[in-house]
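So the chains spell out like this:
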Amino acid sequence: MAEQVKAIRKEVRISPRKVSIVLDLIRGKDAAVAQGILKNTPKAASPVILKILNEAIANAENNFHMDKEKLYVSECYAGAGTTLKRIMPRAQGRAFRIFKRASHITVCVAEKQ
């Protein structure tokens with residue numbers, strides 16, 4: 001198996017469920033195609049994932065001397081980060097919990113053989 005290069009961003013203030021929808025679009029695609037998909041996807045997570053993908057490509061190119069043209073997204077996933085718990089006032093003195101979720105996003109790229 002080819003060597004993987006990863007880039008990780010922690011505590012991104014977007015729910016992992018929303019991030020996973022965008023990550024599913026780019027998994028297994030060439031790096032250039034994945035960048036194009038992310039630039040044209042109207043989701044809040046797209047610009048964040050594009051930055052992480054660009055970091056992974058730069059890591060592969062500069063630190064591991066891989067060819068930028070042969071890179072593809074080998075792995076990408078989002079895990080749950082810390083959850084901020086907030087209170088929403090409701091009628092008759094009640095209070096409901098609001099969970100502001102965060103994600104840890106990982107994007108791995110590898111060189112095609």
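Quick caveat, the model's predicted, so the values are computed rather than measured.

J.: Explanation requested: helix 1 (residues 16-26) in the structure shown.
T.: Think of an α-helix as 3.6 residues a turn; residues three or four steps apart then line up on the same face. Among all positions of helix 1, only Pro16, Val19, Val22, Leu23 and Ile26 are buried. End-on, the buried residues of helix 1 take up no more than an arc of 125°, which puts them together on one face. Residues of helix 1 that are exposed and point more than 90 degrees away from the buried face comprise Arg17 and Lys18. For helix 1, the secondary structure elements touched by its buried residues are helix 2 (31-39), helix 3 (46-63), strand 2 (71-89) and strand 3 (95-111).

J.: In this structure, what is going on with the packing of helix 2 against helix 3? I would like to understand it.
T.: Between two packed helices, both the angle of their axes relative to each other and the distance between the axes serve to describe the pair. Where helix 2 meets helix 3, the axes come as close as 9 Å, and the angle between the chain directions of the two elements is 160°. As far as their axial angle goes, helix 3 and helix 2 are roughly antiparallel. Helix 3 is crossed by helix 2, and the crossing has left-handed handedness. Along the contact surface, helix 2 presents Ala31, Ala34, Gln35, Leu38 and Lys39, while helix 3 presents Ser46, Ile49, Leu50, Leu53, Asn54 and Ile57.

J.: I keep staring at the pairing of strand 2 and nothing clicks. Help me out?
T.: Successive residues of a regular strand alternate their side chains across the two faces of the sheet. With 16 bridges joining them, strand 2 and strand 3 adopt antiparallel strand pairing. Of the residues in strand 3, the one forming a bridge with Leu71 is Glu111. Hairpin remark: strand 2 followed by strand 3, antiparallel, with five residues in the connecting loop; positive phi at Gln92, about 60°.

J.: Explain the nonpolar core here, please?
T.: Among the nonpolar cores identified, the biggest contains 27 residues, and Val19, Leu23, Ile49, Leu53, Ile105 and Val107 are the most heavily contacted of them. Val19 has contacts with Ile14, Ala45, Ile49, Ala78, Ser103 and Ile105, leaving out every residue within four places of it along the chain.

J.: Sorry, what's going on with the side chain of Gln35 here?
T.: Along the chain, Gln35 turns up in helix 2. In this structure Gln35 comes out as buried when scored by relative accessible area, which is 17%. Residues in contact with Gln35, not counting those within four places in the same chain, are Leu50, Leu53, Asn54 and Ile57.

Rules of the game
- Residues numbered from 1 in each chain as written.
- Predicted model: local features only at pLDDT ≥ 70, side-chain atom pairs only at ≥ 80, totals over all residues.
- Heavy atoms only, no water.
- Buried < 20%, exposed > 50% of the residue type's maximum accessible area, 1.4 Å probe, protein only.
- Helix = DSSP H or I, 4+ residues; strand = E, 2+ residues; numbered from the N terminus.
- Arc of directions from axis to C-beta.
- Contact = heavy atoms within 4.5 Å.
- Axes fitted to C-alpha atoms, helices over the stretch in contact; angles between N-to-C directions.
- Parallel < 35°, antiparallel > 145°, perpendicular 65-115°, else oblique.
- Left-handed = near helix turned anticlockwise from the far one by under 90°.
- Pairing = 2+ DSSP bridges.
- Core = buried A, V, L, I, M, F, W, Y, C linked by side-chain atoms within 4.5 Å.

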